[in-house]
Amino acid sequence: MSGDFQVVLDSLRAMSGSFRTEGDAYAAIKPKLTPPMADSGDANLNNIMGVVMECLDVLHTKMGESIGEHAEKLQASHDTYERHDIDNRALFDDLMPAD
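Residues numbered from 1 in each chain as written. Predicted model: local features only at pLDDT ≥ 70, side-chain atom pairs only at ≥ 80, totals over all residues. Heavy atoms only, no water.

Draft legend 1. Quick peek at the overall build of the protein. Check the secondary structure of the protein and you find two helices and zero strands. Scored against the burial criterion, the 99 residues of the protein give a buried share of 14%. Residue pairs at least 24 apart in sequence account for 69% of intrachain contacts in the protein once pairs closer than 6 positions are excluded. Carbon and sulfur atoms make up 61% of the accessible area of the protein, which amounts to about 7,500 Å² in all. (Helix = DSSP H or I, 4+ residues; strand = E, 2+ residues; numbered from the N terminus. Buried < 20%, exposed > 50% of the residue type's maximum accessible area, 1.4 Å probe, protein only. Contact = heavy atoms within 4.5 Å. Areas by Shrake-Rupley, 256 points an atom, 1.4 Å probe, with all protein chains shown as cover.)

Draft legend 2. Region of the structure containing the side chain of asparagine 46. Summarising the element assignment, asparagine 46 is placed in helix H2 (residues 43–95). Not counting residues up to four positions away in its chain, the partners in contact with asparagine 46 are Met37, Ala38, Asp39, Ser40 and Gly41.

Draft legend 3. Inspection of the environment of alanine 76 at higher detail. Looking at the element boundaries, alanine 76 is found in helix H2. In this structure alanine 76 comes out as partly exposed when scored by relative accessible area, which is 38%. C-alpha of alanine 76 to C-alpha of leucine 12: the two residues are 64 residues apart in sequence and 9.2 Å apart in space.

Structure follows, in structure tokens:
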């Protein structure tokens, strides 16, 4: 494997790990970002705040899922590059005569 290519593989692996770690951290703070709703004393305002809080919850859920998907995509890219490098090396070894 060439030195430049190894850097790409190492970088993809590191980025995947970072996204996975940060995704877990984001999931851990999500409850703090969507606290229980206080009663305002006004039914209409409570309904509006409820809708807003539901939207925030959905957005935070989607953000956490997106971070996790990025981690998976980076890992898949790493695995694909690594698999193709192994395939190319095997092809090269098959084509070159043994000493």
